[in-house]
Amino acid sequence: MSSDVRAKVILERIVHQLHYVYDELPFYREHYDRHGFTPDMVGSLEDFATKVPAINKKMLVADQAAHPIFGSYTKFDGYEGIARIHGSSGTSGTPTMYAVSQADWDRAAEVHAMAQWCAGVRPDDLVQVGFPFGLFFGGWGVVQGVEAIGAALFPLGVTDSEKHLEFIRRLQPTVFSATPSYCLHLISVASKMGISLRESSVKTLLIGGEPGGSLPGTKRLLEEGWGARAIDAGSTSEMYPFQTNVGCQSGTGTHIISDEVYPEIVAPTDHNSPLREGTRGAIVYTHLWRESQPMIRFAPGDESFLDNSVCSCGRTYPRMPEGVLGRLDDMLLIRGANIFPSAIETCLRSVEGFDVEFEIHVRTEGALDEIEVRAEYDPVWLAGNARDSSGKGAALAELVAEGEKTMKKVNGIRIPITLVEPGTLDRTVFKARRVVDRRATR
C-alpha cells in the first residue's frame, strides 16, 4: 500500500478510536478533559500529534490502583468479554494487568503471523521457543503467529540451557525465538559443551523482549555465533499485538505495521512536538483497532528514529533502522554526558575480544556520579592472541585500551573498563540486567 493511501486509513482509524475512548472509557475522557481536548479537534495526522495528550505507564498503574482490576481504560466490568488475562510486574511488585477481548486476541494472531512471515517464518519451519509462558505475554505472541502460519511449534519455554541445546540437536528446529541476551548466553553455554551453534539447524533467530536485537554489534555477534539471520521483533506489552515492530530479511531495521499500531517520534520532554524523519526521540504508539485497553499515544519511554523510505524487501511500512535504541529512563547522566546502556553494549560488541556478559557499575564519588564497565573477556579470542602469561597480559591490556577508546569516541567521555574472568558475572537466562546502581540517594 502506498504511504498516501495508508495515511488516509490511519487517520480514519484514529478518529474512530478517539471517539470510542472518549465516549466509552472514563480514563481517557477525564485525561482529555483535563487538557481541554475533544476528539472533534483532530482532522489530520498533524492535529493528532500536536493536540492529543499522551499517556504513560505510571498513569496506567495509578488508574488500575484506583479502579481495580483492569483500570477505567477498558470497557469490561467483570470478566465477561475477556478472552485472556496476562500481566507485567511493576517496581512495587504489584502486576499491571492486561485484559484482551476475543476479537483482539484473534486479530493479534493474524498480525503476529504477518510479522513472522516478514521475518521469514514459513509453514515448513519448526519454531523452538525460549520465552516464558505464564503471567507475562512472553512467548504467547510467538505461539499465535506460528500457529496462524501453520508452522510446527515446540514451546519449550524457560528451562535449563542445556535442555534447549539438546532439543535443538534432537528436533532440528529451523527457528529459535528468545531474548537477544538469552541467545547470546546459549552461544557461551554451547561453546563450553563443545557444541557449535553455527552448525545447528537454526537458520533464523526471532528475538525480542528487550532493546538491543537491532544494534549492529549485538546483531553481528548473534549471527556469527549461530550462523543464522537475527530478526528483531516486538515492542512493549501494553501495545499487544507487540510484534508489530519486526525486521525483514533485507536487514534494514524493524518495520512497524503502522496501519495496526501507529508510531510517532516526538521530543522526549514534549510529546506534542513531533520530530522530523531521521531524528532520534521518544517513541509514541497508538492502537488503531484494539478495543480492550486501547493505547492512544502511549509513550513507553523508548528511544528510536524512523525512516519512511521504501525498503528493498518491497514493504512500504516505516522502519526503525536500528530498532529500539534503549529506554530513555535508563539514561545515565555522568559528568555532564548522557550515557545509554545500549550505547555501551554497542561499543563492547564492536570490539573483538569481549565476551557476552558485562555490567555497568554506577557510584557516587563526592558530588559526582562515576561509571565503570566490568566485562568478561573471550577465552577463545585470548587463546588465539597470547601464547604465554606475558602475552596474555599484553593482549588483555590492548583489549581494554581499544574498548576504552571506542567508548570515548561513542559516548564523549572516558569510561573505564575492568576485565574479569569468564564466568564471573551472572548468566543471563531471560532479560539482561546490566546496570548496578550504587549511587547515593540525594
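Shown above is the structure to which this text applies.
The present account deals with the structure reproduced in this document.

Reading the values: rules and limits
Residues numbered from 1 in each chain as written. Predicted model: local features only at pLDDT ≥ 70, side-chain atom pairs only at ≥ 80, totals over all residues. Heavy atoms only, no water. Core = buried A, V, L, I, M, F, W, Y, C linked by side-chain atoms within 4.5 Å. Buried < 20%, exposed > 50% of the residue type's maximum accessible area, 1.4 Å probe, protein only. Helix = DSSP H or I, 4+ residues; strand = E, 2+ residues; numbered from the N terminus. Contact = heavy atoms within 4.5 Å. Pairing = 2+ DSSP bridges. Patch = residues over 30% accessible without salt bridge, like charges linked within 9 Å, V, L, I, M, F, W, Y side chains within 5 Å. Areas by Shrake-Rupley, 256 points an atom, 1.4 Å probe, with all protein chains shown as cover. Salt bridge = Lys/Arg side-chain N within 4 Å of Asp/Glu carboxyl O. Axes fitted to C-alpha atoms, helices over the stretch in contact; angles between N-to-C directions.

So, on to the nonpolar core. Among the nonpolar cores identified, the biggest contains 31 residues, and L18, Y28, Y32, F48 and M295 are the most heavily contacted of them. Top contributing element to this core by residue count: helix α1 (residues 3-24), with six residues. Once you skip the residues sitting within four places of it in the chain, M295 turns out to touch Y28, I55, L60, Y73, E238, M239, Y285, T286 and H287. If you look at the next biggest cluster of nonpolar residues, it comprises 27 residues, including I334, I360, I371 and L382.

The antiparallel open sheet is built from three strands, whose spatial order is β9-β10-β16. Whereas interior strands pair on both sides, the edge strands pair on one side only; in this sheet they are β9 (245-247) and β16 (319-320). Direction of pairing for β9 relative to strand β10 (residues 254-256): antiparallel, over a ladder of three bridges. Paired with G247 across the strands is T254, a residue of β10.

Here the focus is a nonpolar patch on the surface. Taken together, the side chains of I69, Y79 and I85 present a nonpolar region at the surface, about 290 Å² in accessible area. Considering the arrangement of structural elements, one finds I85 in strand β2 (residues 82-88).

Looking now at the sheet that holds strand β23 (residues 435-438). Here four strands make up an open sheet; going across it, the order is β22-β21-β20-β23 and the pairing mixed. Edge positions in the sheet fall to β22 (417-420) and β23, since each has one partner strand and no second. Adjacent strand axes in the sheet meet at a mean angle of 25°, parallel and antiparallel pairs treated alike. Summarising the sheet, strand β21 (residues 368-377) and β22 pair through four bridges and their orientation is parallel. Note that in β22 the partner of E376 across the bridge is V420.

Let us now look at unusual backbone geometry. Of the consecutive residues P68 and I69, the connecting peptide bond is found in the cis state with omega at 10°. Relative to the helices and strands, I69 is located in the loop between α4 (57-66) and β2. A cis geometry characterises the amide bond from Y240 onward to P241, with omega recorded as 5°. Positive phi outside glycine occurs at Q172, with the angle close to 60°. By relative accessible area, Q172 is classed as partly exposed at 44%. In the Ramachandran plot, Q293 falls in the positive-phi region, its phi being about 50° despite a non-glycine side chain. Within the element layout of this structure, Q293 appears in the loop between β13 (281-287) and β14 (298-299). Residue Q293 is classed as buried on the basis of its relative accessible area, which comes to 3%.

From the geometry alone we can't say anything about function, so treat these as descriptive.
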